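Architecture at a glance
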Amino acid sequence: MTVAALSPATSGRRVTHALLRDRGAVLSTAFLALIVLLAVFAPLISAITGHGPNDFDTAAIDTDLGGIPRGSLGGISAEHLLGVEPQNGRDILARIAHGARVSLLIAASATALTTLLGVVLGMLAGFYQGWVDQVICRVMDFLMAFPALIFMIAILSSLPQGNRSVLLVVVISVFGWPYLARVVRGQTMTLVNREFVEAARASGASTGALVFKEILPNLRSSLIVMVTLAVPGYVGTEAGLSFLGVGVTPPTPSWGQMIAGSVGWYAVDPMYFAIPGAFLFLTVLSLTVLGDRLRAAFDAGEAS
Amino acid sequence: MARYVAGRLAGMVLILFLVCLFTFIIFFALQPDPAVMICGKTCTPERIDQIHSVLGLDEPFVGQFFGFLFGIFAGRDYGQGANLVHCAGPCLGYSFQTGQSVWDMVVERLPVSATVAIGAAVLWLLIGIVAGLLSAVKEGTWWDRTAMGLALGGSSIPNYVLALALQYVLVVQLQVLPFPQAVAFGDDPVVWFESYLMPWLVLATGYACLYARLTRANVIDTLAENFMRTARSKGLSPALTMRRHALRPALTPIATIFGMDFAALLGGALITETVFGLNGVGKMAADSIAKNDQPVIMAVTLLAAFFVVIGNLVVDLVYTRLDPRVRITAQ
């Protein structure tokens, strides 16, 4: 009990301090906060600039030159802060902001669902062992042997109707949970045999109390790290599937889809490709750096 | 040992069977009738029935599934009488789009995917392990910080973004490379190399960054072990302790991960092959999915699963050689 009860407040504060002193972690957090604000206030941004994500602006493109944006750098101007798309003149800032909503929502939901599945099934396997463990492990082996990307694309492309975002979340989570569950299972197995769990069991604690008060709090730090490191993977997967044309359906904007749209234009209008590419790269990088620094901070705490 | 291998092989066959079954169920249940697609615009109900019976699509699910499974090992016949077509084993059926034998398509395209995978693997192993070793030895110096910063950045670039950026810089702006072309090595080795260079770089970047970080972490952990202290106190030089005692335990986990990554790549680098227009198994997968070509989708899924499962087994067997602390005991 003491191990679980003593650590949260102090270790939480220590980790926060360690992260605040780290320039990479602060910059990453700031960038991610910017993206979240962009996503939350996407409609407001559209209202202020007067450009919705799907509004065509024929004045901003040059139809004589095959529809490339007027002006340099992909049509960046006071009117369009990040330029416009070639051919139809849609405002890139509005599309980036609305695309951030889609990407973040899908990545966050997929993370939540994966974590739920991974923790519940991983703990079940590690706690009860025996045949429960056997069954869960075989299912994990099976899912991990599956060519996930090919299968995700195949499933998504064969389901033309329905809510694409929900489908994406489900498909990503179904193939994603074994990687988390494997670690949770291993850690639960060692925790179950530790003295403090045995002591709690001997003093008559119920199974629920053992799981939620003794084991789960001790998984907390590795869960936080693994989940933070999983989010960039899901942002990338969503963008990748949309890039391949089986993700979010147009006209709903998504970063991967914008990059896919720019493939035919990168030679004449590189900014159309560079802007969504940079946003995607920086978001994934920030999440990775944050996860990496979190792990370092937690590891340093364990060592001391 | 023999018993262990036999058990593992049985497990592999079971997993491949399940992958096959699930893929079949999903396409059996979800896909529109392929006969309508094959038949085209000038279609009559009789023609559809005929296609159904030739392809065996009028049979119940179980019959179709075992027909497919049987065909892989022993070959099968399509149609009867004058229309009879014998598909020799290993038979994966015929593409609904082109009518080509799916097995022939796989055999034709596998060398391209293998070339992409092998070239990329050589690059990422060299770069990743050397950079990781140097970082571990010079832990905390500017080299270590720069290399690890770059590795973190490099592993965050989605490969299609990197592919397009490289193509823009190297092909459009600097014009140092031609646009990738389908050229055989024997015809023009220079163009062949130039065509594969970008796919290799794109695929290798992400893995090299990951392997550099893993190598660094493993070597640092190993250097802190007791047997390393013993080796140093025996008076061995730093280079010798590194070569004789540290490398093997530090690189063994890398070997296992490499086996898995490489096996997965053999099943086709879907995005990279598509972006660069390379006619490998990965592009075949993307194309077949876009065109709803069920026999081809079945084949690429099975092939990819096959490589993953084989890779898994090879890794576990090799591991016992690399790490003498691990011994397989027949249970």
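Cut-off values and rules
- Position labels on residues start from 1 in each chain and follow its written sequence.
- Naming scheme: in the order in which they are written, chains are lettered from A and ligands are numbered from 1.
- With pLDDT at 70 or above as the cut-off, local features in this predicted model cover only qualifying residues; side-chain atom pairs require 80 or more to be listed or tallied, and sums for whole chains, interfaces and linings still use all residues.
- The side-chain numbers reported here are obtained from all heavy atoms of the structure, hydrogens and water having been left aside.
- UniProt positions are given in the numbering used here, feature names are shortened, and annotations may be inferred rather than shown by experiment.
- Here a strand is any run of E in DSSP of at least two residues, a helix any run of H or I of at least four, and the numbering for each starts at the N terminus.
- In this scheme, a residue with accessible area under 20% of its type's maximum is buried, one over 50% is exposed, and one in between is partly exposed, where area comes from a 1.4 Å probe on protein chains only.
- A contact between two residues is defined here by any heavy atoms of the two lying within 4.5 Å.
- Computed with a 1.4 Å probe, the accessible areas rest on the Shrake-Rupley method; for each residue, only the protein chains presented here act as cover.
- Lys and Arg are tallied as positive, Asp and Glu as negative. Neither His nor the chain termini are counted.
- One atom stands in for each charge, and that atom is NZ of Lys, CZ of Arg, CG of Asp or CD of Glu.
- A helix is expected to span 1.5 Å for every residue after the first.
- To obtain the bend at a residue, axes are fitted to the seven residues ending there and to the seven starting there, and the angle between these axes is taken.
- Side-chain atoms within 4.5 Å link the members of a nonpolar core, which is a set of buried Ala, Val, Leu, Ile, Met, Phe, Trp, Tyr and Cys residues.
- Domain delimitation follows an automatic or database domain assignment.

As annotated in an unreviewed UniProt entry, chain B carries the name ABC transporter permease subunit and comes from Nonomuraea phyllanthi. A UniProt comment under Sequence similarities (unreviewed entry) is attached to chain B, and it reads "Belongs to the binding-protein-dependent transport system permease family." Recorded in UniProt under Subcellular location (unreviewed entry), the annotation for chain B is "Cell membrane".

Chain A is annotated in an unreviewed UniProt entry as ABC transporter permease subunit from Nonomuraea phyllanthi. The UniProt entry for chain A carries the following comment under Subcellular location (unreviewed entry): "Cell membrane". Turning to chain A, the UniProt record has this under Sequence similarities (unreviewed entry): "Belongs to the binding-protein-dependent transport system permease family."

Attention now goes to the overall build of chain A. On a plain count of helices and strands, chain A comes out with 11 helices and two strands. Starting at the N terminus and ending at the C terminus, chain A contains elements arranged as α-α-α-β-β-α-α-α-α-α-α-α-α. Viewed in the frame of its principal axes, chain A has a C-alpha envelope of about 80 × 45 × 30 Å. The 304 residues of chain A split such that 51% are buried. Here the analysis covers contacts within chain A between residues at least 6 apart in sequence; of these, 73% occur between residues at least 24 apart. With the model as given, the accessible surface of chain A reaches about 13,800 Å², and the carbon-plus-sulfur share is 67%. Across chain A, the 18 positively charged side chains and the 18 negatively charged ones have centroids separated by 10 Å.

So, on to helix 7 (residues 164–192) of chain A. Compared with the 42 Å implied by 1.5 Å per residue over 29 residues, the 41 Å span of helix 7 of chain A between its first and last C-alpha is a close match. Roughly 35° is the biggest bend found in helix 7 of chain A, and it falls at G176 of chain A, with proline P178 of chain A one to four residues downstream.

In this section: the nonpolar core. If you look at soluble globular proteins, the nonpolar side chains tend to sit buried side by side. Counting residues in hydrophobic clusters, the biggest one holds 139 residues, and the most contacted among them are L280 of chain A together with Y160 of chain B. Counting contributing residues, this core receives three or more from each of domain 1 (19–88) and domain 2 (103–329) of chain B. Contact partners of L280 of chain A, with chain neighbours within four places excluded, come to V235, A239, W255 and I259 of chain A together with P158, Y160 and V161 of chain B. Counting residues in each nonpolar core, the second largest holds 15 residues, with V184, V197, L210 and I215 of chain A among its members.

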